[in-house]
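The chain contents come next:
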Amino acid sequence: MPGKRIALAADHGGFDQKQSLKTWLVSQGYSLKDFGSDSASKSVDYPDYAHIVAKMVKKGEADFGILVCGTGLGMAIAANKVAGIRAVPVTSVDFAVLAREHNDANVLALSGRYTDDATNKNIVTAFLTTDFASEVDGSSSRHARRVAKLEG
Ligand code: RB5
């Protein structure tokens, strides 16, 4: 929902889409912090960016994280190394909705090379506007029970 605080970052493979997302998210009313990187031509290491964003979410300084790399895969793997982070690599709107409803995902990892800009914006909208299905008929849901088991 607009007003939410988003921590955003990309490596060189996601830089162009990160720039596009940044302008668009601000225009939608989100509060946004951009943690880099700064160029599509300078090669950087995606875990460095994933860990910054994941720690912002973990500390409660951002409501959600959005990461963009070539595939979204490396960013999701790295972000999930931070305890309390549920990062998902997503390439469809349906999966964005399910990642929020069922998994209470708090970091979205996007592909800057295999998913187009318009699709990624639709994915982001779905992710940021879908609530976790934590309750059904006033009782804690099966999804809440499962998410509570994720940390092992
Ligand atoms: C960088 O070439 C690429 O490996 C990275 O952006 C990402 O796709 C890793 O998962």
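This text follows the structure it describes.
Below or above, wherever it landed, is the structure these notes cover. It should be emphasised that the depicted structure is a prediction, and the values quoted were computed from it without experimental measurement.

Calculation criteria
Residues numbered from 1 in each chain as written. Predicted model: local features only at pLDDT ≥ 70, side-chain atom pairs only at ≥ 80, totals over all residues. Heavy atoms only, no water. Buried < 20%, exposed > 50% of the residue type's maximum accessible area, 1.4 Å probe, protein only. Helix = DSSP H or I, 4+ residues; strand = E, 2+ residues; numbered from the N terminus. Pairing = 2+ DSSP bridges. Right-handed = clockwise from strand over helix to strand, strands pointing away. Salt bridge = Lys/Arg side-chain N within 4 Å of Asp/Glu carboxyl O. Expected span 1.5 Å × (residues − 1). Contact = heavy atoms within 4.5 Å. Core = buried A, V, L, I, M, F, W, Y, C linked by side-chain atoms within 4.5 Å. Axes fitted to C-alpha atoms, helices over the stretch in contact; angles between N-to-C directions. Parallel < 35°, antiparallel > 145°, perpendicular 65-115°, else oblique. Left-handed = near helix turned anticlockwise from the far one by under 90°. Nonpolar A, V, L, I, M, F, W, Y, C, P; charged D, E, K, R; others polar.

1. Thoughts on the pairing of strand S5 (residues 107-111)
Counting buried positions over the 5 residues of S5 gives 5, a clear majority of the element. On S5, burial covers both faces: Val107, Ala109 and Ser111 on one face and Leu108 and Leu110 on the other are all buried. Direction of pairing for strand S3 (residues 64-69) relative to S5: parallel, over a ladder of 5 bridges. Bridging across to S5, Ile66 finds its partner in Leu108. Pairing of strand S4 (residues 87-89) with S5, which is carried by 3 bridges, proceeds in the parallel orientation. Considered in S5, the bridge of Ala87 is made with Val107. For the handedness criterion, the β-α-β arrangement of S4, helix H4 (residues 93-101) and S5 is classed as right-handed.

2. Points about the pattern of salt bridges
Going through the model one piece at a time under the given rule, you end up with 7 salt bridges. Across the pair Asp63 and Arg5 runs a salt bridge, and its minimum N-O distance is 2.9 Å. One end of the pair, Asp63, is in the loop between helix H2 (46-58) and S3; the other, Arg5, is in strand S1 (residues 5-10), with 58 residues separating them in the sequence. A relative accessible area of 26% means that Asp63 is categorised as partly exposed. Looking at Arg5, the relative accessible area reads 32%, which means it is partly exposed.

3. Quick notes on helix H1 (residues 15-27)
Helical periodicity: at 3.6 residues per turn, an α-helix aligns residues three or four positions apart in one direction. Compared with the 18 Å implied by 1.5 Å per residue over 13 residues, the 19 Å span of H1 between its first and last C-alpha is a close match. For H1, the set of buried residues is Phe15, Gln17, Lys18, Leu21, Trp24 and Leu25. Where H1 is buried, its residues meet S1, strand S2 (31-34), S3, S5 and helix H5 (117-129).

4. Quick notes on the nonpolar core
One finds Ile66, Val124 and Leu128 to be the most contacted residues of the largest nonpolar core, which totals 22 residues. Looking at this core, the elements with two or more residues in it are S1, H1, S3, H4, S5 and H5. Residue contributions to this core peak at 5 residues, all from H5. Look past the residues within four positions of Ile66 in its chain and what remains in contact with it is Ile6, Ala7, Leu8, Ala9, Leu21, Leu25, Val53, Leu108, Leu110, Val124 and Leu128. Counting 21 residues, the second largest nonpolar core, distinct from the first, contains Val53, Val57, Cys69 and Ala109.

5. Let's talk about the packing of H4 against H5
Packing of H4 against H5 brings their axes to within 8 Å, and their N-to-C directions diverge by 20°. On the basis of the axis angle, H4 is roughly parallel to H5. Considering the relative orientation of H4 and H5, their crossing is right-handed. Counting all contacts with H4, which are made through Val93, Ala96, Val97 and Arg100, the residues of H5 involved are Asn122, Ile123, Ala126 and Phe127. Counted by class, the contact of H4 with H5 contains 6 nonpolar, 1 polar and 1 charged residues.

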